Amino acid sequence: MTNTDLEPLSEERLDSMIDQLVNSIDEIPEAECDLARQHAAQVTPFLIKLIDDATRDARQGLVIDDNAHCYATYLLAEFEAAEAWPVVRDMLSLPGELVFDLFGDAVTEHFSQIIASLIGSQFDCVDELLANDDVNLFVRWSAIDALACKLRDGLITPEAYRDRLARYFQKALERHDEIAGYILLRMRPVGVGAMLPEIEKAYTKGIIDPDIISLEELSESPADEKPLGELFHQLCTREQLLSEFACFAFYADEEPAFDAAGSLPPLPLDWIDETEEVGDNETTIRNLDLKVGRNEKCPCGSGKKYKKCCGSRG
């Protein structure tokens, strides 16, 4: 990845590259990403800081109005930079929907491979995410699929994959954790074996959602490798990460467009949430706190960007 024959980037050029990552909103800064690839070892700490900064700002309720954390995450996954995992894990552990605010549909489309690329052979990193009930359910699903990526790439045997999922399933049952159904869905291609009687009891108790996978589907033993092939086909590869990210990265404000029938598109969910009907004796309470983008000018009047002024405190 890194070209050892190249001279290290100057401090000025490195700062310029990071600024380009921060300020490129409408399209991926391909030249800067290529430069980062050539100097992967040198730029990795700076990419990690971009993620750390975005995580901190998200926890503080700031509006993240750039995609720098996205470029950084995808590049670090491409580098297989294991040293980035603690910061990425903290980002993935953001409460509620904050991870989706940062990455949109990429959470469900690509994060299985991102996690797989960053954890290396440290499969216990998946355990950390699954054991944390505060982590968004879809992030935890992606953590399970990270193991499927390892299976696809021959880095874990089908037996070890099944055993690990079986252990996760047992823990999910103990907590009545809804992720149990998704674990079974991902276990089916390698078979559930002797677990079937216990699984049947879980369905009877209503712990498993049959809409995720039915008991009848689980009872059918895979006769060939077709189920595994179908599973692998759903997973993103490491090489696809940055190119496919172009489909998910941008949230540019656009004027609403009418369709062929002359209708407006559906209202965004956040608009609907704020305009719920209320009764005669009820009041809609809205959060009227000022939210400032971290790259906007600080409202204190200093002339600096918010993230380098008042937003850097706390």
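Within every chain, residues take consecutive numbers counted from 1 along the sequence as written. With pLDDT at 70 or above as the cut-off, local features in this predicted model cover only qualifying residues; side-chain atom pairs require 80 or more to be listed or tallied, and sums for whole chains, interfaces and linings still use all residues. As a rule here, side-chain values cover all heavy atoms of the structure and leave hydrogens and water aside.

Draft legend 1. Seen up close, the side chain of S93. Within the secondary structure, S93 is located in the loop between α5 (85-92) and α6 (98-103). Given the relative accessible area of 19%, S93 is considered buried. Residue contacts are defined here by distance: any two heavy atoms, one from each residue, within 4.5 Å place the two residues in contact. S93 has contacts with R59, L129, N132 and V135, leaving out every residue within four places of it along the chain. The helix and strand labels rest on DSSP assignments: H or I over at least four residues marks a helix, E over at least two residues marks a strand, and numbering proceeds from the N terminus. Each residue is placed in one exposure class: buried if its accessible area under a 1.4 Å probe, protein chains only, is under 20% of its type's maximum, exposed if it is over 50%, and partly exposed if it falls in between.

Draft legend 2. Just the pattern of salt bridges, in detail. Salt bridges, as used here, are contacts in which a Lys or Arg side-chain nitrogen is within 4 Å of a carboxyl oxygen on Asp or Glu. Taken as a whole, this structure holds 17 salt bridges when the rule is applied. As a salt-bridge pair, R37 and E78 come within 2.7 Å of each other at their nearest N and O atoms. Within this pair, whereas R37 is found in helix α2 (residues 30-38), its partner E78 is found in helix α4 (residues 68-79), the two being separated by 41 residues in sequence. An identical accessibility class is assigned to R37 and E78; each is buried. Taking the shortest distance from any N to any O, the salt bridge between R175 and D133 comes out at 3.4 Å. Within this pair, whereas R175 is found in helix α10 (residues 158-175), its partner D133 is found in the loop between α8 (124-131) and α9 (137-152), the two being separated by 42 residues in sequence. For D133, a relative accessible area of 47% gives the class partly exposed.

Draft legend 3. Summary view of the packing of aromatic side chains. Here the aromatic set is Phe, Tyr and Trp, taking the six-membered ring for Trp, and pairing holds for ring centres within 6.5 Å; pairs whose planes are under 30 degrees apart are stacked, those over 60 apart are edge-to-face, and all others are tilted. Here the structure, examined in full by the defined rule, presents 4 aromatic pairs. With 4.3 Å between their ring centres and 5° between their planes, W141 and Y182 make a pair best called stacked. Note that W141 is positioned in helix α9 and Y182 in helix α11 (residues 179-187), a separation of 41 residues in sequence. Through pairs of rings, three or more aromatic residues link up here, namely F100, F138, W141 and Y182.

Draft legend 4. Quick peek at the confidence of the model for the protein chain. The predictor's confidence in any single residue is recorded as pLDDT, a number from 0 to 100. Of the residues in the protein chain, 74% reach a pLDDT of 70 or more, and the chain-wide mean stands at 81. A low-confidence stretch, residues 249-258 (pLDDT under 50), is modelled with 17 contacts involving residues beyond four sequence positions or located in other chains. Contacts from residues 267-290, a stretch scored under 50 in pLDDT, to residues over four places away or in other chains number 6 contacts.

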